[in-house]
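Residue-level listing of the chains:
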Amino acid sequence: MTRSFLTRRRFLIGSTLGASALTLSGCDILEQNTAVASVIRSAENLTMKAQRLLQGRDALGREFTETDISPSFRVNGTSAPDSEDYVELAEGKFANWRLKIDGLVDRPQELSLIDLKRLPARTQITRHDCVEGWSAIGKWTGVPLGPVLSSVGLRPNARFAVFHCADKLEKTLDGSGRYYESIDLIDAFHPQTILAYQMNGKDLTVGHGAPLRLRVERQLGYKQAKYIMRIEIVDSFAGLWGGHGGFWEDRGYEWYAGI
Ligand SMILES: Nc1nc2c(c(=O)[nH]1)N[C@H]1C(S)=C(S)[C@@H](COP(=O)(O)O)O[C@H]1N2
Ligand SMILES: [Mo]
């Protein structure tokens, strides 16, 4: 099991972004099944695999044109994290904010917004679909996540990227109300998966997740983590809050929220 998973990861990391779809062999399919079975339900697993098999793991989510951009884009969930730390960072225009990258990596890092903005960027106009029944088209600019992860050196047992956010959506004493999300390495290395610092040509507003949010375009709104403070590379969600890989997942939503 481990060897095949490793091979798959090496393929992902070694492949150029935007490479054509990979055809999975029956063996890989079986492999994926066992690898993810413990974290997601089987029907949902089927959705994920069907989407990846039918469309290819690097198939792009639909992109739109400037004229399609929605005149208004709702702010949903947290609209302004209220922790002292975040408020202070926001007052300083995020000059002191650092994105921590750690966990199963060889070279943990702390990157400033300026560091991120120096890296090659990608801009994409996409539709955001929220499970609450609204959609909006926005233009997002940011750093593709894959190369960032490659640069910190993923360990062989790395399987998921976890995004720790600044906000508590539920005010619990133990911190379990903190927002977090996670994706696997296939989505992490997908060409449209970006750490976005701009929306519609301007720095992200606090409402939309300043200074940095995730865009993972083949999944629903709640996967698009705002207020990212830390990316932790893990091999399992067991040690994280409810153990289902995300704030909403811990409250019963699907982990693979394919659209
Ligand atoms: N940190 C954080 N990220 C979050 C949320 C949140 O409450 N906190 N809400 C999610 C949901 S349900 C949606 S639909 C989108 C909303 O993004 P927007 O406010 O930019 O529209 O962010 C997602 N990411
Ligand atoms: Mo949402």
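Let me begin by describing the structure that accompanies this report.

Cut-offs applied
- Residues numbered from 1 in each chain as written.
- Chains lettered and ligands numbered in written order.
- Predicted model: local features only at pLDDT ≥ 70, side-chain atom pairs only at ≥ 80, totals over all residues.
- Heavy atoms only, no water.
- Helix = DSSP H or I, 4+ residues; strand = E, 2+ residues; numbered from the N terminus.
- Buried < 20%, exposed > 50% of the residue type's maximum accessible area, 1.4 Å probe, protein only.
- Phe/Tyr/Trp six-rings, centres within 6.5 Å; stacked < 30°, edge-to-face > 60°.
- Lys NZ or Arg CZ within 6 Å of the ring centre and 35° of its normal.
- Pairing = 2+ DSSP bridges.
- Polar contact = N/O pair within 3.5 Å; in protein donor to acceptor, adjacent residues only side chain to side chain.
- Contact = heavy atoms within 4.5 Å.

Topic: unusual backbone geometry
Most peptide bonds adopt trans geometry, and most residues besides glycine take a negative phi value. Omega for the bond connecting A210 with P211 falls within 30 degrees of zero, at 0°, which places this linkage in the cis form. Checked against the element boundaries, P211 lands in the loop between β8 (202–203) and β9 (213–215). Phi is positive for K93, close to 55°, though the residue is something other than glycine. Position of K93 relative to the elements: it lies in the loop between α4 (84–91) and β1 (99–103). For N200, which is not glycine, the phi torsion reads 50° and is therefore positive. N200 sits in the partly exposed class, given a relative accessible area of 30%.

A few points about the packing of aromatic side chains
On inspection of all chains with the given rule, the structure shows eleven aromatic pairs. Where F160 meets W255, the ring centres are 5.7 Å apart and the plane angle is 85°; that geometry is what we call edge-to-face. Linking F160 in strand β5 (residues 160–168) with W255 in the segment after β10 (228–234), this pair joins segments that are 95 residues apart in sequence. When its relative accessible area of 3% is taken as the criterion, W255 is described as buried. When the centroid spacing of 5.0 Å and the interplanar angle of 85° are considered together, the rings of F247 and W248 count as edge-to-face. Of the residues examined, F247 reaches a relative accessible area of 2% and is grouped as buried. Cluster of aromatic residues (ring-pair linked, three or more members): Y179, Y222, F247, W248 and Y253. One residue, R251, lies across the ring of F247, its end atom 3.6 Å from the ring centre.

Topic: the pairing of strand β3 (residues 122–130)
Where β3 and strand β4 (residues 134–144) come together, nine bridges link them in antiparallel fashion. If you follow C130 over to β4, its bridge partner there is W134. In this antiparallel pair of consecutive strands, β3 and β4, the connection spans three residues, and G133 shows a positive phi of 100°.

Some words on the side chain of Q224
Checked against the element boundaries, Q224 lands in the loop between β9 and β10. Within polar-contact distance, the side chain of Q224 engages the backbone nitrogen of V216 at 2.8 Å. Only 3.0 Å separates the side chain of Q224 from the backbone oxygen of L220, close enough to count as a polar contact. Setting aside chain neighbours within four positions, we find Q224 in contact with H128, R213, L214, R215, V216 and Q219.

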